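Commentary on secondary and tertiary structure
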Amino acid sequence: MIKLIDTLRKNFLKKKLKDKNYLFLFDPPPKNEYVAFDTETTGLNPKKDEILSIGAVKIKDNRILLNERFYVIVKPDKPISEESIKIHGLRKKDIENGIQVKEAIEKFLHFVGSRPLVGYYVDFDVEMVSKYTKEFIGIPLVNEKIDVSGLYYDYKVGKIPQGFVDLRFDTIIKDLNIPSFGKHDALNDAIMTALIFLKLKNLLNYL
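What comes next is a walk through the structure. (Residues numbered from 1 in each chain as written. Predicted model: local features only at pLDDT ≥ 70, side-chain atom pairs only at ≥ 80, totals over all residues. Heavy atoms only, no water.)

Within the open sheet, the 5 strands sit side by side as 3-2-1-4-5. Their pairing is mixed. Pairing within the sheet leaves two strands with one partner each, and these edge strands are strand 3 (63–73) and strand 5 (145–147). Taking the axes of each pair of neighbouring strands and ignoring which way they run, one obtains an average angle of 25 degrees across the sheet. The strands touched by helix 5 (residues 122–136) within the sheet are strand 1 (33–41), strand 2 (51–60), strand 4 (117–119) and strand 5, with strand 1 carrying the most contacts at an inclination of about 80 degrees. (Pairing = 2+ DSSP bridges. Helix = DSSP H or I, 4+ residues; strand = E, 2+ residues; numbered from the N terminus. Axes fitted to C-alpha atoms, helices over the stretch in contact; angles between N-to-C directions. Contact = heavy atoms within 4.5 Å.)

On to the packing of helix 4 (residues 101–112) against helix 5, then. Geometry of a packed helix pair, given as the angle between the helix axes and the separation of the axes. Remark: helix 4 packs on helix 5, axes separated minimally by 10 Å, with the N-to-C direction vectors making an angle of 100 degrees. It follows that helix 4 is roughly perpendicular to helix 5 by the angle criterion. Here Val 101, Lys 102, Ile 105, Phe 108 and Leu 109 of helix 4 lie close against helix 5, whose contacting residues are Val 129, Tyr 132, Thr 133 and Phe 136. Partitioned by chemical class, the residues of the contact of helix 4 with helix 5 number 7 nonpolar, 1 polar and 1 charged. (Parallel < 35°, antiparallel > 145°, perpendicular 65-115°, else oblique. Nonpolar A, V, L, I, M, F, W, Y, C, P; charged D, E, K, R; others polar.)

Pairing of strand 2 with strand 3, which is carried by 8 bridges, proceeds in the antiparallel orientation. Bridge pairing in strand 3 places Ala 56 opposite Phe 70. Between strand 2 and the antiparallel strand that follows it, strand 3, lie 2 residues; Asp 61 among them carries a positive phi value of about 55 degrees.

Opposite charge on two side chains permits them to pair, given that their charged atoms come into close proximity. Within this structure, the stated rule accounts for 7 salt bridges. Between Lys 58 and Glu 68 there is a salt bridge, and its shortest N-O distance comes to 3.2 Å. Of this pair, Lys 58 sits in strand 2 while Glu 68 sits in strand 3; the two residues are 10 residues apart in sequence, bridging distant segments of the chain. Classification of Glu 68 as partly exposed rests on a relative accessible area of 31%. Between Lys 107 and Glu 103 there is a salt bridge; the shortest N-O distance is 3.7 Å. Of this pair, Lys 107 and Glu 103 are both found in helix 4, 4 residues apart, which corresponds to roughly one turn of the helix. (Salt bridge = Lys/Arg side-chain N within 4 Å of Asp/Glu carboxyl O. Buried < 20%, exposed > 50% of the residue type's maximum accessible area, 1.4 Å probe, protein only.)

What follows deals with the packing of aromatic side chains. Counted according to the given criterion, the structure contains 9 aromatic pairs. Measuring from ring centre to ring centre gives 5.1 Å for Tyr 120 and Phe 169, while their planes differ by 70 degrees; the resulting arrangement is edge-to-face. Of this pair, Tyr 120 sits in the loop between strand 4 and helix 5 while Phe 169 sits in helix 7 (residues 169–175), placing them 49 residues apart in sequence. Owing to a relative accessible area of 21%, Tyr 120 belongs among the partly exposed residues under this scheme. A relative accessible area of 11% places Phe 169 in the buried class. Its guanidinium or amino end placed over the ring of Phe 111, Lys 58 lies 4.8 Å from that ring's centre, counting from NZ or CZ. (Phe/Tyr/Trp six-rings, centres within 6.5 Å; stacked < 30°, edge-to-face > 60°. Lys NZ or Arg CZ within 6 Å of the ring centre and 35° of its normal.)

In C-alpha cells form, the structure reads like this:
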C-alpha cells in the first residue's frame, strides 16, 4: 500500500516538473547507493531562512566514497546575523564569495540523482532544499529519506525499552564509537552521518 501511494505521488509530481532535464530524479535509484547530506542554514524556519552551505557524500554498499563528495557555500539574499555566524561558523567573507542558490541546488540535484537521502533529522534538510526546488523546477525532492536519528532510536529502544534515548548528534557519535571530525560544517557532518548510517545499517541488519 505504501509503495502504491509513493508511486502515485511520484507520477503526480512528474507531471508537475517544469524542467524535463530533471526527469532523472524519477529514475530507479542505483542499487545499494545512497547520499548522506547536511545543510547549514541561517535559522530553523524553512519558510523564511536560507541555505548557507550544502555538504554531501556518496555511499555505495558499505563504503563511503570520499572521492565523490560535494560541498558548496551559498551566498544568501539577505545579510546574516552575528548569532547565525556563531552557530554555523561560516565567515562573512566565505559567504560573500559563495555561489548563487540556484546554481548550488542544480549542482546538488545532479550529484544526488535518484539516490535515497540519508540525514540527521533529514526532514528539515529536505524541506530546506525543497523550498528551492519547488521554485526552480516546480517540485519538492522526491528521493527516499532515511533518518539516522530514527535508526538510532530503533537500535537503542530495543536495548532499553523504557529508557530515555538521547538523540543528540554528538551523543550518537560517541555511543557508536564513530570518530568526530571536530569542526561541524555541512561536509564533515555529512561524512559523520554516513558513518552513523553504515554502523546502524549493520547493527540493525537494515536493508
